[in-house]
Amino acid sequence: MASKRLSEECSKTEKKKKKKTCMETAELCAGLEEEQVKRSMKEAWSQRNHYSQGDLELDCHPFPHCIIRNFLSSEAFVENLQKELLGLSFHEKSNDLYKFKQSDDLRKRTEPHIAGLRTALFGPFRSWLGEVLGVELEPTVDISCAKYEHTDVLLCHDDELEGRRVAFILYLVPQWQSSDGGTLDLYTTDSNLQPQSILKSLVPSLNTFILFEVSPVSFHQVSEVLSQDKCRLSLSGWFHGPCLDRPPRHIEPPVPRNPHLPRDETLLFEWINPTYLDISYQEQVQEEFEDSSEIQLKDFLKEEKFREVSEALRLSQIQWTKRGPPNKRCYDSASLDSLPQCVSACWELLHSEAFFLLLSNFTGLRLHYLCPADDEDDDKEKEGGNQGKEKDDKQNAEATGSSTDASANTSREKELSTPVCSGELRRWSHGSYTLLHDGEAARAEYALDLILPFGCADWQSEFGGYTCYVANEEDEELLTMYPEDNSLALVYRDKETLKFVKHANQKSSCEPTCREFYDFSFVYYE
């Protein structure tokens, strides 16, 4: 009995050993083993010179990156690796920066070819790369698998995160062309280390390995996949080690803010649907807005005014400027000097004193000095001073006939908090987007966002181009506002709420009736 049990235990031990050692060896590109190649690569990298030998190429523009073709020596290994990766579970990943499917981290996967490649990358290749760069890379490597399919994208970024030293990608794609999209685009940078334009686009190729040092100028993107029947499969991750020094990040100058234009209520009667000028209806709007901090007011402009502006936006020769840099935004902004008369008049409406007061009535926010301060909002009292006390002082002064004191209090009240706004007219089309970024989070403040879209009757939600609100440092969306013709969107955000416009994808350019739309985007501050 004992010997039978011993035999069974030995058998189990053998099975465990076999399971642990069930790994296919990944033979890497033969050129990596040549000492002369390693020395030449090290010298070229340190001096930022171009180097090419066999399947290896080092290019230093716009920043140093290495291309290794035929990275894995065995075609059979590559084919089996593809099969194992496609058999994994993938999770949909989508936020302001990207949309694609990603596997879990592959560090503990036991599939023989995945394990074999991981062992080769973590071991001999990491040692080779450390020698070439002249740094000691850590044993642990981040690695996962990504699938990019039709309209998937990874927008402009630099990969900088604590500990990341070298980024890498191994392509496991079918026959691929630049017209399929999904290229790895490398950006030039300006004197402020901000990305400017794409200098080089690398088309994915089966069994090609690309790596680059993560640095303040390593801006790149995966362009939108345009093919509807191909999958851009790749392994990617980072080798960790001491980070490169970087200068302080560039801080953009603040967007100019202006007080209202001196226009009276006749402008409202000329432009706005009479329903929204009814005082009792404004009270209903305010009640709903205060419950949810957002509202959409449909058919906001008079129909004839909306049609006139829509037609002018579509047909007139407005001068548009591309807004960047691409790690923060990419859309067209109108030059105000080039606006046709009716569009300029709509701009004035949204900037007018009468409209500031109307927004106060819609939201309860203090966007006009005639709007009473909210005594019960403790946070606002801390932010803007003791407005409630000043209001009481004013009322007491009026009751005692002290008009001079009341006037002085009103003047002080206006000085303490003069409502202002900033705004622009934007055009959205295939490739447009905005991204969240550190500078925006650091400067976030209480504000009322306004968006008034034109020309989006046939724009579908699957095209992108919608505005998302998220909590700072969280991916989960708090609110999504889809563009809708003549629907005024109002959203009040606090210091922990950020917004972005989702990348407008290729599906929008395939739609014959709606390839672009426009909106007035304003931000109002109490």
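Attention in this report is confined to the structure presented alongside it.

Rules of the game
- Residues numbered from 1 in each chain as written.
- Predicted model: local features only at pLDDT ≥ 70, side-chain atom pairs only at ≥ 80, totals over all residues.
- Heavy atoms only, no water.
- Helix = DSSP H or I, 4+ residues; strand = E, 2+ residues; numbered from the N terminus.
- Buried < 20%, exposed > 50% of the residue type's maximum accessible area, 1.4 Å probe, protein only.
- Contact = heavy atoms within 4.5 Å.
- Areas by Shrake-Rupley, 256 points an atom, 1.4 Å probe, with all protein chains shown as cover.
- Polar contact = N/O pair within 3.5 Å; in protein donor to acceptor, adjacent residues only side chain to side chain.
- Salt bridge = Lys/Arg side-chain N within 4 Å of Asp/Glu carboxyl O.
- Expected span 1.5 Å × (residues − 1).
- Arc of directions from axis to C-beta.
- Pairing = 2+ DSSP bridges.
- Patch = residues over 30% accessible without salt bridge, like charges linked within 9 Å, V, L, I, M, F, W, Y side chains within 5 Å.
- Lys, Arg positive; Asp, Glu negative; His and termini not counted.
- Charge placed at Lys NZ, Arg CZ, Asp CG, Glu CD.
- Axes fitted to C-alpha atoms, helices over the stretch in contact; angles between N-to-C directions.
- Phe/Tyr/Trp six-rings, centres within 6.5 Å; stacked < 30°, edge-to-face > 60°.
- Lys NZ or Arg CZ within 6 Å of the ring centre and 35° of its normal.

### A closer look at the overall build of the protein chain
Then, number 1: Counting its regular elements, the protein chain contains 14 helices and 24 strands.
Then, number 2: Taking all 526 residues of the protein chain together, 50% fall into the buried category.
Then, number 3: By sequence separation, contacts in the protein chain at least 24 residues apart represent 80% of the contacts at least 6 residues apart.
Then, number 4: About 26,200 Å² of surface is accessible on the protein chain, with carbon and sulfur atoms providing 47% of the total.

### Section: the side chain of His220
Then, number 1: Relative to the elements of secondary structure, His220 occurs in strand β12 (residues 220–222).
Then, number 2: Here Ser218 takes part through its backbone oxygen, which lies 2.8 Å from a polar atom of the side chain of His220.
Then, number 3: Every residue in contact with His220, bar those within four places of it in the chain, is listed here: Leu155, Cys156, His157, Asp158, Asp159, Leu184, Asp185, Leu186, Tyr187 and Phe212.

### So, the pattern of salt bridges
Then, number 1: For the structure shown, the criterion picks out 32 salt bridges.
Then, number 2: Between Arg249 and Glu160 there is a salt bridge, and its shortest N-O distance comes to 3.3 Å. Taken together, the positions of Arg249 in the loop between β13 (232–240) and α5 (266–271) and Glu160 in the loop between β7 (153–157) and β8 (164–171) put the pair 89 residues apart, joining distant regions of the chain.
Then, number 3: Using a relative accessible area of 43% as the deciding quantity, one classes Arg249 as partly exposed.
Then, number 4: The partner of Asp332 in a salt bridge is Lys322, and the shortest N-O contact between them spans 3.3 Å. Of the two residues, Asp332 is situated in strand β16 (residues 329–334) and Lys322 in strand β15 (residues 320–323); the sequence distance between them amounts to 10 residues.
Then, number 5: What makes Asp332 buried here is its relative accessible area of 7%.
Then, number 6: One network of salt bridges, with partners in common, ties together Asp158, Glu160, Arg246 and Arg249.

### Considering helix α6 (residues 279–292)
Then, number 1: Here α6 is 14 residues long and its end C-alpha atoms lie 20 Å apart, about the 20 Å a rise of 1.5 Å per residue gives.
Then, number 2: Those residues of α6 lying buried are Gln282, Val285 and Phe289. Down the axis, α6 shows its buried residues gathered within 60 degrees of arc, on one side only. Residues Glu283, Glu287 and Asp291 are exposed on α6 and point more than 90 degrees away from its buried face.
Then, number 3: If you follow the buried residues of α6, they end up packed against β14 (294–297), α9 (353–363), β19 (447–454) and β22 (488–493).
Then, number 4: Phi turns positive, to about 65 degrees, at Ser293, one or two residues after α6.

### A few points about the pairing of β19
Within a regular beta strand, the side chains point alternately toward one face of the sheet and then the other, so they alternate between its two faces.
Then, number 1: In terms of burial, β19 is largely enclosed, as 8 of its 8 residues are buried.
Then, number 2: As judged from the 5 bridges shared by β19 and β22, these two strands associate in the antiparallel manner. In the strand pairing of β22, Asp449 is matched with Val491.

### Focus on unusual backbone geometry
Then, number 1: A cis amide bond links His61 with the next residue in sequence, Pro62, at an omega value of 5 degrees.
Then, number 2: With respect to the helices and strands, Pro62 occurs in the loop between β2 (56–59) and β3 (65–68).
Then, number 3: Cis geometry marks the peptide bond from Gly324 to Pro325; its omega dihedral reads 0 degrees.
Then, number 4: By the secondary structure assignment, Pro325 is in the loop between β15 and β16.

### Notes on a negative patch on the surface
Then, number 1: Together, Asp438, Glu473, Glu474, Asp475, Glu476, Glu477, Asp494 and Glu496 give the surface a local cluster of negative charge.
Then, number 2: Structurally, Glu474 is set in the loop between β20 (467–471) and β21 (477–481).

### What about the environment of Pro325?
Then, number 1: A relative accessible area of 15% places Pro325 in the buried class.
Then, number 2: Separated by 130 residues in sequence, Pro325 and Pro195 have C-alpha atoms that sit 6.1 Å apart.
Then, number 3: Residue contacts for Pro325: discarding those within four places in its chain leaves Gln194, Pro195 and Glu252.

### Description of the sheet that holds strand β23 (residues 497–501)
Strand pairing in a sheet takes place through backbone hydrogen bonds and is either antiparallel or parallel in direction.
Then, number 1: Spatially, 3 strands are ordered β21-β20-β23 in an open sheet, and the strand pairing comes out antiparallel. The outermost strands of the open sheet, each flanked by one partner alone, are β21 and β23. Here the strands of the sheet are splayed against their neighbours by 20 degrees on average, with no regard to which way each runs.
Then, number 2: Sheet topology places β20 next to β21; 4 bridges connect them, and they run antiparallel. Among the inter-strand pairings, Tyr469 is bridged to a residue of β21, identified as Leu479.

### Concerning the pairing of strand β24 (residues 516–525)
Then, number 1: β24 sits mainly inside the fold: 9 of its 10 residues count as buried.
Then, number 2: Bridge count between strand β17 (residues 420–429) and β24: 10 bridges; the pairing is antiparallel. Counted as the bridge partner of Trp428 is Phe517 from β24.
Then, number 3: Note: β19 against β24, 7 bridges, orientation antiparallel. Looking at the pairing, Phe454 lines up with Tyr518 of β24.

### Points about the packing of aromatic side chains
Then, number 1: With the rule as written, the count across this model stands at 28 aromatic pairs.
Then, number 2: With centroids separated by 5.4 Å and ring planes inclined at 40 degrees, the aromatic side chains of Tyr276 and Phe300 adopt a geometry described as tilted. Placement of Tyr276 in the loop between α5 and α6 and of Phe300 in the loop between β14 and α7 (303–315) is noted, with a sequence separation of 24 residues between them.
Then, number 3: Overall, the relative accessible area of 5% leaves Tyr276 in the buried class.
Then, number 4: Residue classification places Phe300 among the buried positions, given a relative accessible area of 0%.
Then, number 5: Between the aromatic rings of Phe355 and Tyr524, the centroid separation amounts to 6.5 Å while the plane-to-plane angle is 40 degrees, which identifies the pairing as tilted. Of this pair, Phe355 sits in helix α9 while Tyr524 sits in strand β24, placing them 169 residues apart in sequence. Summarising the burial analysis for this pair, Phe355 and Tyr524 share the class buried.
Then, number 6: Here the aromatic residues Tyr276, Tyr281, Phe300, Phe306, Trp347, Phe355, Phe356, Phe362, Phe454, Phe520, Phe522 and Tyr524 are joined through ring pairs into a cluster of three or more.
Then, number 7: Between Lys230 and the ring centre of Trp176, over which it is positioned, the NZ or CZ distance is 5.8 Å.

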